Amino acid sequence: MAKVFGRITDDLQKFIHAQQIFFVATAPLSPAGHINLSPKGLDSFRILSPNRVAYLDLTGSGNETSAHLAENQRITFMFCAFQGKPLILRLYGQGRVLTPDALDWHTQADLFPTIPGTRQIIIAEIDRVQTSCGTGVPLYEFEGQRSDIVEWAQKKGDRGMWDYWQLKNQTSVDGLPTPLAGWMERSQQEIGGN
């Protein structure tokens, strides 16, 4: 049976801390738009309070979450127990994107390890916490986090990453602009003005 909570309880916080993967879902407002569902790993998720969470958003081939949040703020996180007692946990809320020029960027970034390829921080105010049984989720053994994304970002370097963001991360697959695009434009203007 599903249970609904108004906050992330202490027990659910412990459950979150024990997970090695989480999933993020967002969608555009357009009924013709594409729903996005992304798996996330590494040490990238933080519980800021019983009703606020954040995660370090690493560079990917797209930037759907960012574009959707800029348009409508809706976000859902899902955690599944792949070991031990079955459980699925969903956090529903309103999210926002922090780009590196945000006033509170350093305060939030200091909560995470430095990971090459970081492009944004996503912060969400959680208004619904829901658990369900999870008995249909299979059991898996955790072997470790992959290092591919970190190695890829290190190899690209700062300039290569910037070029990749320009090419791949400024709009969603549906053409919605991302906050990263705005930050990149502001940064270019500052460089051009100096």
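Now for a description of the structure that goes with this document.

Basis of the calculations
- Residues numbered from 1 in each chain as written.
- Predicted model: local features only at pLDDT ≥ 70, side-chain atom pairs only at ≥ 80, totals over all residues.
- Heavy atoms only, no water.
- Core = buried A, V, L, I, M, F, W, Y, C linked by side-chain atoms within 4.5 Å.
- Buried < 20%, exposed > 50% of the residue type's maximum accessible area, 1.4 Å probe, protein only.
- Helix = DSSP H or I, 4+ residues; strand = E, 2+ residues; numbered from the N terminus.
- 1 Å grid on protein atoms, 1.4 Å probe; cavity = no way out; pocket = protein on both sides within 12 Å on 5 of 7 lines; lining within 4 Å.
- Points joined across faces, edges and corners; volume = space filled by probe spheres on them.
- Nonpolar A, V, L, I, M, F, W, Y, C, P; charged D, E, K, R; others polar.
- Phe/Tyr/Trp six-rings, centres within 6.5 Å; stacked < 30°, edge-to-face > 60°.
- Salt bridge = Lys/Arg side-chain N within 4 Å of Asp/Glu carboxyl O.

**Overview of the nonpolar core**
Here is step 1: Formed by 22 residues in total, the largest nonpolar core has its most connected members in Phe-45, Val-53, Phe-77, Phe-79 and Leu-91.
Here is step 2: Counting only elements with at least two residues in this core, the list comes to helix H1 (10–18), strand S2 (22–26), strand S4 (45–49), strand S5 (52–58), strand S6 (74–80), strand S7 (88–98) and strand S8 (118–132).
Here is step 3: The element best represented in this core is S8, accounting for four residues.
Here is step 4: Formed by 11 residues, the second largest nonpolar core is a distinct cluster that contains Leu-98, Ile-115, Ile-123 and Val-150.

**So, the layout of surface pockets**
Here is step 1: Of the pockets and cavities examined, the largest pocket occupies roughly 980 Å³.
Here is step 2: Forming the walls of the largest pocket are 34 residues, and the residues nearest its centre are Gln-20, Ile-21, Lys-40, Gly-41 and Gln-145.
Here is step 3: The biggest single contributor to the lining of the largest pocket is strand S3 (residues 36–40), with four residues.
Here is step 4: Partitioning the lining of the largest pocket into residue classes produces 12 nonpolar, 14 polar and eight charged.
Here is step 5: One number sums up the size of the second largest pocket: a volume of about 380 Å³.
Here is step 6: Elements represented by at least two residues in the lining of the second largest pocket include exactly strand S1 (3–5), H1 and S8.
Here is step 7: Among the residues making up the lining of the second largest pocket, the classes are represented as seven nonpolar, four polar and three charged.

**Re helix H2 (residues 64–72)**
Here is step 1: With seven of nine residues buried, H2 is to be regarded as a mostly interior element.
Here is step 2: Turning to H2, its buried residues are Glu-64, Thr-65, Ser-66, Ala-67, His-68, Leu-69 and Asn-72.
Here is step 3: Looking one or two residues beyond H2, the residue adopting positive phi is Gln-73, at roughly 70 degrees.

**A look at the packing of aromatic side chains**
Here is step 1: Tallied over the entire structure, the rule returns 12 aromatic pairs.
Here is step 2: Look at Trp-162 and Trp-183: their rings are 5.4 Å apart centre to centre, the planes differ by 65 degrees, and that puts the pair in the edge-to-face class. On the criterion of sequence distance, the pair formed by Trp-162 in helix H4 (residues 148–168) and Trp-183 in helix H5 (residues 179–193) is long-range, its members being 21 residues apart.
Here is step 3: Joined through ring pairs, the aromatic side chains of Phe-22, Phe-45, Tyr-55, Phe-77 and Phe-79 make up one cluster.

**Considerations on the pattern of salt bridges**
Proximity of charged atoms lets side chains of opposite charge pair with each other.
Here is step 1: In total, this model carries seven salt bridges according to the counting rule given.
Here is step 2: Between Glu-125 and Arg-52 there is a salt bridge; the shortest N-O distance is 2.6 Å. Residue Glu-125 is located in strand S8, and its partner Arg-52 is located in strand S5; the two are separated by 73 residues in the primary sequence.
Here is step 3: Its salt-bridge partner being Arg-119, residue Asp-57 comes within 2.7 Å of it at the nearest N-O pair. Taken together, the residues Asp-57 in strand S5 and Arg-119 in strand S8 connect sequence positions 62 residues apart.

Don't take any of this as a statement about function, it's just geometry.
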